[in-house]
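This is what each chain is made of:
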Amino acid sequence: MHSRGGLSFLELLILIVIVGILSVIVVPRLTEASGNAREATLQSELENLRAKLYIYQKQHDGRWPTAENFVSQMTLRTDRAGRVMPVGADPKDYPCGPYVQTIPANPCADVRVADRVEINLDAPGGGQAGWHYNPRTGYFASDADL
């Protein structure tokens with residue numbers, strides 16, 4: 001008997017069909033898994049940032065970070081009144097913070113705006129930033145339309 005090398009056209013066709021069926025099954029699960037991972041990371045970041053905001057509030061006699069200085073008040077040392085420590089000042093005069101090193105990027109946001117914080121008194125503003133902060137209530141959330 002003579003042995004042949006390679007696949008026949010029919011065998012090749014069957015192989016392509018099997019690979020196609022497997023890709024239809026596997027690819028959606030992989031994309032779903034990456035979406036779930038982004039959502040889990042988002043929830044973790046929100047819990048962490050909200051916890052840091054509550055610590056800030058407790059250390060500052062019930063006041064939340066201000067709209068004007070939100071990022072610096074969260075990432076630098078402050079006094080009990082919320083004033084950010086100037087360069088060269090004595091750290092013991094600014095006993096609070098820093099609460100986070102940086103504002104993390106929202107994993108579900110457009111990369112260009114993921115680490116921006118939209119600050120106003122209304123609800124999230126439709127994808128103009130990765131995060132939304134209300135300085136009156138301390139509410140911190142992912143921007144709704146991301």
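The coordinates are above.
As the structure is a computational prediction, the values presented were derived from the model and not from experiment.

Student: Explain the packing of aromatic side chains to me, please; I cannot follow it from the model alone.
Tutor: Two descriptors summarise a pair of aromatic rings, namely the distance from one centre to the other and the angle between the planes of the rings. A complete count under the given rule lists 6 aromatic pairs for this structure. Aromatic ring contacts, followed pair by pair, group Phe70, Trp131, Tyr133 and Phe140 into a single cluster.

Student: I'm lost on the nonpolar core in this one. Help?
Tutor: Core analysis: the biggest nonpolar cluster contains 16 residues, and Leu53, Phe70, Met74, Val117, Trp131, Tyr133 and Phe140 have the highest contact counts within it. Of all elements in the fold, only helix H1 (9-59), helix H2 (70-75) and strand E2 (131-134) reach the threshold of two or more residues within this core. Non-local contacts of Met74, meaning those with residues more than four positions away in its chain, are made with Lys52, Leu53, Tyr56, Pro65, Pro98, Tyr99 and Val100.

Student: What should I look at first to understand the sheet that holds strand E1 (residues 117-119) in this one?
Tutor: Sheets are built from strands paired through backbone hydrogen bonds, the pairs being either parallel or antiparallel. Read from one edge to the other, the open sheet built from 3 strands follows the order E1-E2-E3, with strand pairing classed as mixed. Each edge of the sheet is formed by a strand with only one pairing partner; in this case those strands are E1 and strand E3 (139-142). Looking at each pair of strands side by side, their axes are set apart by 25 degrees on average, direction ignored. In this sheet, E3 lies alongside E2 in antiparallel orientation, the contact comprising 4 bridges.

The rules behind each value
- Residues numbered from 1 in each chain as written.
- Predicted model: local features only at pLDDT ≥ 70, side-chain atom pairs only at ≥ 80, totals over all residues.
- Heavy atoms only, no water.
- Phe/Tyr/Trp six-rings, centres within 6.5 Å; stacked < 30°, edge-to-face > 60°.
- Core = buried A, V, L, I, M, F, W, Y, C linked by side-chain atoms within 4.5 Å.
- Buried < 20%, exposed > 50% of the residue type's maximum accessible area, 1.4 Å probe, protein only.
- Helix = DSSP H or I, 4+ residues; strand = E, 2+ residues; numbered from the N terminus.
- Contact = heavy atoms within 4.5 Å.
- Pairing = 2+ DSSP bridges.
- Axes fitted to C-alpha atoms, helices over the stretch in contact; angles between N-to-C directions.

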